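Geometric and topological summary
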Amino acid sequence: MLKATKIRIYPTTEQAAFLNRQFGAVRFCYNTGLRIISHRYQRHGQSLSAKHDIKKLLPVAKTSRKYGWLKEADSMALQQTCLNLDHAFQRFFDPKQKAGYPRFKSKRGKQSSYHCVGVKAGDDWIKVPKLGPIRARMHRKVEGRLKSITLTRTASGKHYASLLFDTEQAAPEPIQSVEGNKVIGLDMGLSHLAIDSNGRKIANPRFLKRAQQNLKRKQQALSRTKKGSANRAKARLLVAKAHERVANARHDFQHKLSRQIVDDNQAVIVETLKVGNMMKNARLAKHIGDASWYGLITKLDDKAREQGKYLVKIDPWFASSKTCHVCHHKRDAMPLNVRSWECPACHTQHDRDINAALNIKHQGIIQLKAEGLSVSAHGGLRKSGTSPAAA
Ligand SMILES: [Zn+2]
């Protein structure tokens, strides 16, 4: 089983300067590869592959006088960036992912570099090729064989290392019979981060909202500064720091929430892809971006897998909001401002989001059974009307 951990590292001034060149070399290879591929296609209609054609250029470039400086960087990192560029193109060509054309990497944003040969980690240090040990803060010991280290530098200048370990233990056997009351459906709400099928509405925490307000203020301050001025550079750094605080707060909250949901349940059912569709709607995009549904799903998936539990993703065509979970009557339309409704067929009163979460749960149970698992009875259907948790 693979386990990842991310730690803060503290390179010395010289090490930071070396890392800066390392990041620069990685960025150069990515951007140059992208430029060559785009140019070749526009001028000659030829499709080059980053994985094959661009990667092959690396040794050639290193022997040239102009690009000889690339030799100074860890060669695995440069090869990996070609693979990353290849993935970016794969995402672009995959109609399901709706990804845009790969973009150039900026030297102002987050930098990263991947190392997988000659990497080591100790109690308070890590080691990557061509550089002495870098001081690090390990917050928990991971047992196993270190497979790779990805170094990153944030826009505000902090350095991190993501360590990937092979625990050399087999993943736990997936649970074969799931208890119905340990299946939970989650709906992505607009007013809440998530609403579960037990009637619990999970809001984004206050500290996250505060961090977001702070970010907004800093962004406004940045927009008031003059282009190219020293004040603008300062304001940009403040925005970068505020951004990082928001991202850290969100990750932290999502980790705790997903840990609790996975520990308490055996299967978690979510709706996917809706995000991609809704993002097109500019007004909704902010809410959804804030809620960062996607990040939560990824964390739920990782944690469920570690315990042999399930994360089931429901197709977006499933009309979770429009269907009555009691009698399955499907309404034609369900405008977003309708928060509660009465089923015209069975007259059950529904809270919009809880009803959706219950539908998602039942749809997930159908899918689990279709995959050959046994799901025990779940003690009847819960009413989606009023519940203490919702209140
Ligand atoms: Zn009904």
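Residues numbered from 1 in each chain as written. Predicted model: local features only at pLDDT ≥ 70, side-chain atom pairs only at ≥ 80, totals over all residues. Heavy atoms only, no water.

Mapped onto the fold, E168 is located in the loop between β7 (159-166) and β8 (177-178). With 63 residues separating them along the chain, E168 and N231 place their C-alpha atoms 51 Å apart. Leave out the neighbours within four places in its chain, and E168 touches M1 and R145. (Helix = DSSP H or I, 4+ residues; strand = E, 2+ residues; numbered from the N terminus. Contact = heavy atoms within 4.5 Å.)

Contact geometry of helix α5 (residues 230-264) with helix α8 (residues 293-306) gives a least axis separation of 9 Å together with a crossing angle of 45 degrees. When the axes of α5 and α8 are compared, the pair comes out oblique. Two packed elements cross with a definite hand, and for α5 against α8 that hand is right-handed. For the pair α5 and α8, the contacting residues are H251, Q254, H255, L257, S258, R259, I261 and V262 in the first and G295, L296, K299, L300, K303, A304 and E306 in the second. Looking at the contact of α5 with α8, its residues break down into 6 nonpolar, 5 polar and 4 charged. (Axes fitted to C-alpha atoms, helices over the stretch in contact; angles between N-to-C directions. Parallel < 35°, antiparallel > 145°, perpendicular 65-115°, else oblique. Left-handed = near helix turned anticlockwise from the far one by under 90°. Nonpolar A, V, L, I, M, F, W, Y, C, P; charged D, E, K, R; others polar.)

Here the focus is the coordination of the zinc ion. Protein coordination of the zinc ion is provided by C324 (SG), C327 (SG), C343 (SG) and C346 (SG), with donor distances spanning 2.2 to 2.3 Å. Coordination geometry of the zinc ion: the 4 donor atoms subtend angles of 105 to 112 degrees at the metal centre, consistent with an arrangement described as tetrahedral. Going along the chain, you hit the donors of the zinc ion in the pattern C-x2-C-x15-C-x2-C. (Donors = N, O, S within 2.8 Å, 3.2 Å for Na, K, Ca; no water. Tetrahedral: all angles 85-135°; square planar, octahedral: opposite > 155°, others 65-115°.)

Here we come to the sheet that holds strand β3 (residues 120-121). Read across the open sheet, the 7 strands follow the order β2-β6-β7-β1-β5-β4-β3; overall the sheet is antiparallel. The strands lining the two open edges of the sheet, one partner per strand, are β2 (111-115) and β3. (Pairing = 2+ DSSP bridges.)

Moving on, we get to unusual backbone geometry. Positive phi, normally seen in glycine, also occurs at E168, with a value near 55 degrees. Even without a glycine there, the phi angle at H328 is positive, about 65 degrees. One can find H328 in the loop between β13 (310-314) and β14 (340-342).

As for its position among the elements, V119 is in the loop between β2 and β3. Relative accessible area serves as the criterion here: at 13%, V119 is assigned to the buried category. In sequence terms V119 and D301 are 182 residues apart; their C-alpha atoms lie 28 Å from each other. When neighbours within four sequence positions are excluded, V119 is seen to be in contact with K127, V128, P129, L146, K147, S148 and I149. (Buried < 20%, exposed > 50% of the residue type's maximum accessible area, 1.4 Å probe, protein only.)

Once that is clear, we can look at helix α2 (residues 50-63). Its 14 residues give α2 an end-to-end C-alpha distance of 20 Å, which sits within 8% of 20 Å, the value for a rise of 1.5 Å per residue. Those residues of α2 that sit buried are A50, I54, L58, A61 and K62. Down the axis of α2, the buried set is contained in an arc of 90 degrees. They therefore lie on one face. Turned more than 90 degrees away from the buried face of α2, the exposed residues are K56, P59, V60 and T63. On its buried face, α2 sits against α1 (13-44) and α3 (75-93). (Expected span 1.5 Å × (residues − 1). Arc of directions from axis to C-beta.)

In a beta sheet, neighbouring strands are held together by backbone hydrogen bonds and run either parallel or antiparallel to one another. Strand order in the open sheet made by the 5 strands is β11-β10-β9-β12-β13, with mixed pairing throughout. Each edge of the open sheet is held by one strand with a lone partner, namely β11 (201-202) and β13. One ladder, built from 4 bridges, connects strand β9 (residues 183-187) with strand β12 (residues 267-271); its direction is parallel. Bridge assignment links I184 to a residue of β12, and that residue is V268. Where α8 meets the sheet, its contacts fall on β9, β10 (194-196), β12 and β13, and the angle it forms with β13 comes to roughly 145 degrees.

The next thing to look at is the pairing of strand β5 (residues 134-137). Only one face of β5 is buried: it carries I134 and A136, and the other face, with R135 and R137, is open. In this sheet, β5 lies alongside strand β1 (residues 2-10) in antiparallel orientation, the contact comprising 3 bridges. Among the inter-strand pairings, Y10 is bridged to a residue of β5, identified as R135. Taken together, the 2 bridges between strand β4 (residues 125-127) and β5 define a ladder with antiparallel strand orientation. Its bridge partner lying in β5, W125 is registered against R135.

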